[in-house]
Amino acid sequence: MQSFEAHPARRVAGTMSVPGDKSISHRALMLAGIAEGISEVSGFLASEDCLATLSAMRALGVRIEQVDATRVVIHGVGLRGLRPAGRPLDMGNAGTAMRLFTGLLSAQNFASQLIGDASLMKRPMERVAKPLREMGADVRTHDGTPPVDIGGAKRLRGIDYRMPIASAQVKSAILLAALYAGEPTTVTSPAVSRDHSERMLEGCGVHLSTVALSTTLHPPSRLSALQLNVPGDFSSAAFFIVAGLLAAPAEGLLIQNVGLNPTRTGLLDILRSMGGRIEVRNARLSGAEPVADLCVRPSPLRGIRVPKELVSLAIDELPVLFIAAACAQGETWVTGAEELRVKESDRIAAMSAGLSALNVVHSPLPDGMRIEGRSSEAQSGNVFSAGEVDSCGDHRIAMSFAIASLRAAGPISIRDVANVATSFPGFVGLARSVGLALEAEAAV
Ligand code: S3P
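Here the structure is a predicted model, which means the values were calculated and not measured.

A few points about the sheet that holds strand 1 (residues 2-7)
Move 1: Across the sheet, four strands lie side by side as 21-22-1-23; this open sheet has mixed pairing. Both edges of this open sheet fall to strand 21 (387-390) and strand 23 (437-442), since each of them pairs with a single strand only. Along the sheet, successive strands turn relative to each other by an average axial angle of 20 degrees, direction set aside.
Move 2: Sheet topology places strand 1 next to strand 23; six bridges connect them, and they run antiparallel. Bridge pairing in strand 23 links Ser 3 to Glu 441.

Laid out in structure tokens, this is it:
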């Protein structure tokens, strides 16, 4: 089992950029695959999760050339051009792939089965199966979890669906199925969730209308091909944003080409209200997505009560926020984040176990965490003790504790880290290049 040894380091500095956005890379492969004509995607994230989507699209009959590590050319087969894979489609660790494919495949006139790794096989899938069944799809889960069995659909109907949770995966699965429905479909969310699907669908010429938290998709006759430059993943940048606040020199750490879609950047608002100095430079558009460079300066942080409305905008960044909160003055409270319980791991339990192992005073809550910051020790570097933590096979838990090494009294051993490759290939090298003393080890 692979592990990290994160030795204490006191400074991160320089200029860096992070790999492409995972959510956008998945969606680009799927939409370009059912578009008409040739799509070109640069800045593609060649991580294990996105490569699972790439293999599945190939198995469904789409020709995809990997020109180099981050550039793919997709020969779209059109809305009705996918073919049966003839075998179960393995989504690996990728919840996004499984949920979005459930939507896309439930509209096809052939049967499919979706499977995944041990973590994914335990994750809830009824959240997508239920609305898809309302559309007339034949989707079966096993006690709510994968394998997901999808029968061939005749004709789906448009629905008006109010999602019980603010999930971009559920919304996107419904919108993908809605491309094939006989009538328009409306999805209403209880809070804002990432809108990459909507932006990209519009880029393919699909007519969507959005009023407040409701989005209506009007079924198109065709999708046009995409020319896309995928921005750096804000969720990957998040680890280095926190690193910069804890340990950058006065001139700051510069992170270039970060996607700043406002439905993703709740962490910026949270860290700024904790006192974080993060400057947005060179703001621009990359196709339909906002992008900028971030200059992160060392900042004394103070604990806050995180406003609930920011939780869905920062859901993937909460593990690393807990690390920042441990280094702040006073208490930080995160509530309304029960979704953390059903991510790649139970992230509240996994972070709580790790924080305990490193002697951080905190209380796990059913829907979040209370963390007692130790800012006075921050100056001397001893917020976290040396110790061993288990990432529980969760990439974001592993990378969060690697960042904690910037304020640790001794080495932090992080176990079960191989899944970092699901979202952030090259994390160790990049972290080392800006100053973290991180070593990857294959444990015997
Ligand atoms: C994602 C949506 C979020 C997020 C996940 C990626 C997406 O999940 O946590 O990492 O690409 O749509 P939910 O839709 O379950 O909130």
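Past the structure itself, the notes keep going.
Quick look at the pairing of strand 13 (residues 214-218)
Move 1: Counting buried positions along strand 13 gives four out of five residues, so the element sits mostly inside the fold.
Move 2: Summarising the sheet, strand 11 (residues 185-188) and strand 13 pair through four bridges and their orientation is antiparallel. Along strand 13, the bridge assignment pairs Thr 185 with Leu 217.
Move 3: Sheet topology note: the strand 12 (residues 207-211)/strand 13 ladder contains five bridges and is antiparallel.

Comments concerning the nonpolar core
Move 1: One finds Phe 240 and Phe 384 to be the most contacted residues of the largest nonpolar core, which totals 83 residues.
Move 2: The leading source of residues in this core is helix 7 (residues 234-247), at 11 residues.
Move 3: One finds Ala 56, Ile 64, Met 91 and Val 170 within the second-largest nonpolar core, a separate group that totals 71 residues.

Comments concerning the site of the ligand
Move 1: Close to the ligand lie Ser 23, Arg 27, Thr 96, Ser 167, Ala 168, Gln 169, Arg 194, Ile 315, Asp 316 and Lys 343.
Move 2: Here the ligand, which alone exposes 380 Å², has 94% of that area covered by the protein.
Move 3: Summarising the domain contributions, the shell around the ligand has at least three residues from each of domain 1 (3-20 + 231-441) and domain 2 (22-229).

What counts, and at which threshold
Residues numbered from 1 in each chain as written. Predicted model: local features only at pLDDT ≥ 70, side-chain atom pairs only at ≥ 80, totals over all residues. Heavy atoms only, no water. Pairing = 2+ DSSP bridges. Helix = DSSP H or I, 4+ residues; strand = E, 2+ residues; numbered from the N terminus. Axes fitted to C-alpha atoms, helices over the stretch in contact; angles between N-to-C directions. Buried < 20%, exposed > 50% of the residue type's maximum accessible area, 1.4 Å probe, protein only. Core = buried A, V, L, I, M, F, W, Y, C linked by side-chain atoms within 4.5 Å. Near = heavy atom within 4 Å. Areas by Shrake-Rupley, 256 points an atom, 1.4 Å probe, with all protein chains shown as cover. Domains from an automatic or database assignment.

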